[in-house]
Every structure is written in structure tokens, then in C-alpha cells.
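Architecture at a glance
The primary structure of each chain is shown beneath.
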There are 2 protein chains.
Amino acid sequence: MRIGQLAQETGVSVRSLRYYEQQGLISPIRQENGYRDYSPLTVHTVEAIKLYLNLGLSTEQIAGFLTCVLRNKEAFCAEIMPVYEKKLAEIEAQIQQLTQIRSNLLDRIAAFQAERAGKPDE
Amino acid sequence: MRIGQLAQETGVSVRSLRYYEQQGLISPIRQENGYRDYSPLTVHTVEAIKLYLNLGLSTEQIAGFLTCVLRNKEAFCAEIMPVYEKKLAEIEAQIQQLTQIRSNLLDRIAAFQAERAGKPDE
DNA sequence: ATAGACCTTGACATCAATGTCAGGGTCAAG
DNA sequence: CTTGACCCTGACATTGATGTCAAGGTCTAT
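Residues numbered from 1 in each chain as written. Chains lettered and ligands numbered in written order. Predicted model: local features only at pLDDT ≥ 70, side-chain atom pairs only at ≥ 80, totals over all residues. Heavy atoms only, no water.

**Some thoughts on helix H2 (residues 14-22) of chain A**
Residue and element names in this part refer to chain A. Along H2, the residues classified as buried are Leu-17, Tyr-20 and Glu-21. Down the axis of H2, the buried set is contained in an arc of 100°. They therefore lie on one face. Among the exposed residues of H2, those oriented more than 90 degrees off its buried face are Arg-15 and Gln-22. Immediately beyond the C-terminal end of H2, within one or two residues, lies Gly-24, with a positive phi of roughly 85°. (Buried < 20%, exposed > 50% of the residue type's maximum accessible area, 1.4 Å probe, protein only. Helix = DSSP H or I, 4+ residues; strand = E, 2+ residues; numbered from the N terminus. Arc of directions from axis to C-beta.)

**Side note on the state of the cysteines**
Residue and element names in this part refer to chain B. The full count for this structure, using the stated rule, is 2 disulfides over all chains. The disulfide partner of Cys-68 is Cys-77, and the gap between their sulfur atoms is 2.1 Å. Taking the torsion about the sulfur-sulfur bond, which here is approximately -95°, the covalent link between Cys-68 and Cys-77 counts as left-handed. (Disulfide = S-S within 2.5 Å.)

**Comments concerning the packing of aromatic side chains**
Residues and elements named next belong to chain B. Considering all chains together, one arrives at 4 aromatic pairs over all chains under this definition. Centre to centre, the rings of Tyr-19 and Tyr-20 are 6.4 Å apart; their planes meet at 55°, and the pair counts as tilted. You can call Tyr-19 partly exposed: its relative accessible area is 33%. (Phe/Tyr/Trp six-rings, centres within 6.5 Å; stacked < 30°, edge-to-face > 60°.)

**Some remarks on the UniProt feature "coiled-coil region" (unreviewed entry) in chain A**
Residues annotated in UniProt with the feature "coiled-coil region" (unreviewed entry) correspond here to residues 81-115 of chain A. Summarising residues 81-115 of chain A: 100% helix, 0% strand, and an end-to-end C-alpha distance of 51 Å. (UniProt positions renumbered as here; feature names shortened; annotations may be inferred.)

**Considerations on the protein's contact with DNA strand C**
Close contacts around DNA strand C come from 18 residues, with Ser13(A), Tyr19(A), Tyr35(A), Gly4(B) and Arg36(B) the closest. Sugar and phosphate atoms form 66% of the subset of DNA strand C atoms that lie within 4 Å of the protein. Between DNA strand C and Tyr19(A) there is a distance of 2.4 Å, counted from a phosphate oxygen to a side-chain nitrogen or oxygen. Gly4(B) is positioned with one of its backbone polar atoms (N or O) 2.7 Å from a phosphate oxygen of DNA strand C. Contributions of two or more residues to the surface near DNA strand C are made by H2 of chain A together with helix H1 (3-10) and helix H2 (14-22) of chain B. In terms of residues, the surface near DNA strand C owes the most to one element, H2(A), which gives 4 residues. Split into classes, the residues belonging to the surface near DNA strand C amount to 5 nonpolar, 7 polar and 6 charged. (Near = heavy atom within 4 Å. Polar contact = N/O pair within 3.5 Å; in protein donor to acceptor, adjacent residues only side chain to side chain. Nonpolar A, V, L, I, M, F, W, Y, C, P; charged D, E, K, R; others polar.)

Okay, here's the thing in C-alpha cells:
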């Protein structure tokens, strides 16, 4: 299968497929004319990549366990847990920071409105 | 006051002070030798900039109301409310997205551990 | 006059996945 | 043989505040 078809079947752009290859996530063989030639199984690989990217993982992190999860169930791949836990910690830190900013914004909006309401003609 | 002293008094790097100037947030006059010359009042300006940056606002947004809030109370500056509200909406969207990812991560971690525990010697 | 602390401008690097363009090859159908 | 759809590589842009370096000017104290 050529790259255009893979792109169409997975909904991933040709550009991104080449990028995933550059990051070591997929390794198509080459036809005689230089075109990339993908196994039909690569569709599943790309779907997996999409899934992990949607979890906020980087291509580098995905590269660390992708081979394993493609051959086994996730539970068999010990490499994946530290990644999940690291990402979870990052996400929670970000949520906390955003929540703090949100709180500050709400305070300032409230103060703004209180001052306008309380002193309408000062 | 020269840039080094302003940096020291505000805890903001010399690099950032120049950047704020480039973004139109501060406008020091120049000494005869070309050195930037800041009014002592600029310390307050920079403190305000720090505050708004910490709320997640961009220098461009800050530029839109900084002159007003330096002369008046915030409640007097109508320009600021749309900015606060836009930022609040962005923050809440981000929190929601991160919360969704967090939920997905927790699900996968739980599934991982359940599979290991449930089938320890499969 | 020289060292050293301070200032200047300009430029590149950061982070990461993706879009987009340029310049050029391949191939099948007409 | 030409058109058009598809492919290739390589490169720059995006986003935004900040770090850092280069090359050089200023000024003070020795």
C-alpha cells in the first residue's frame, strides 16, 4: 500500500506519516521506484499511534513501547507504565496550575464587577 | 535608572525587559550614550506586566489595556473585561481537555493493572 | 591606558507535530 | 508524448517568552 492510501484509510496526513517514520514509529519498505510500500497491518499501527498521541504522549515516548504493544497486550509491556505515570503527573500539575489561574481570573473579574456596581457614579 | 538596576529590582531578566519594550509595554528614554533610561515608576509597570503574564495573558493583550490600568483602577478600564473573559474561556477549555486525557490515562492504568492482577500467570 | 562591569543590536535556539511550498521523479491513461 | 495524479526530499513556518552568544561601544577605577 502506498502512502496516499494509508493516509486516506487512517485519516492521518501524508506529512504526518512521513514524520512518524522519521521518528522511528513506522518503517515501510521501498518499491523499486522509491515509493514507500506499507503492509496492510500498518493501518493498525497508525491507529495505535493516534491513540497514544491523543493521550498526550510524544512520538519519542511512543517509540519506546510501540513495538511491544503491537506484538502483545499492553499489560505485557512494562515499559508503558512509567510513561503513563509520568504523563499523568504532568497532566495533573497542569490542571492544578490552570485551576489556580482560573481562580485568580475569577477573583479579578468579581472584583472588577463589584467595584463597578458598588461605585457606579464615583 | 538603567536596565540592569530595573532587572534587579523587579526580578525580570534584562532580556525580557528589552522584549517588553519591543512589544510596546515599556518605553524608556535614551541617555546620550544610547543606554535605556527608566523612570523609577517603571518598577510598578513591570510588576503589573508580571501579574498579567502570570494570568496567562499575552504581551499583545496586555498592551491593549496596560496604559489604562496604570493610570486608573482596573474597574475603569472596559478593555480588560473581554480579555479576562476570553482567557477564562480558554483556560476552562484547556482544563476540560486535560481532565478528559487524565480520565483516559487513569482508565488505561487501571486496565493495565487489572489485567496483570487478574491473570498473573497466563 | 587598561581591566572589568555594564550597555547596545542582532540573531539563533527552544518545543513538537503539522502545514505548505519548491523542484523534481514515476506512471498509467489518453 | 502529454496530462494529471501520485510520489520523493528538503526546507521553512507556526507559537511566544526567554536564554544565550557574538561583536562591539561606554564608563569608572586603577
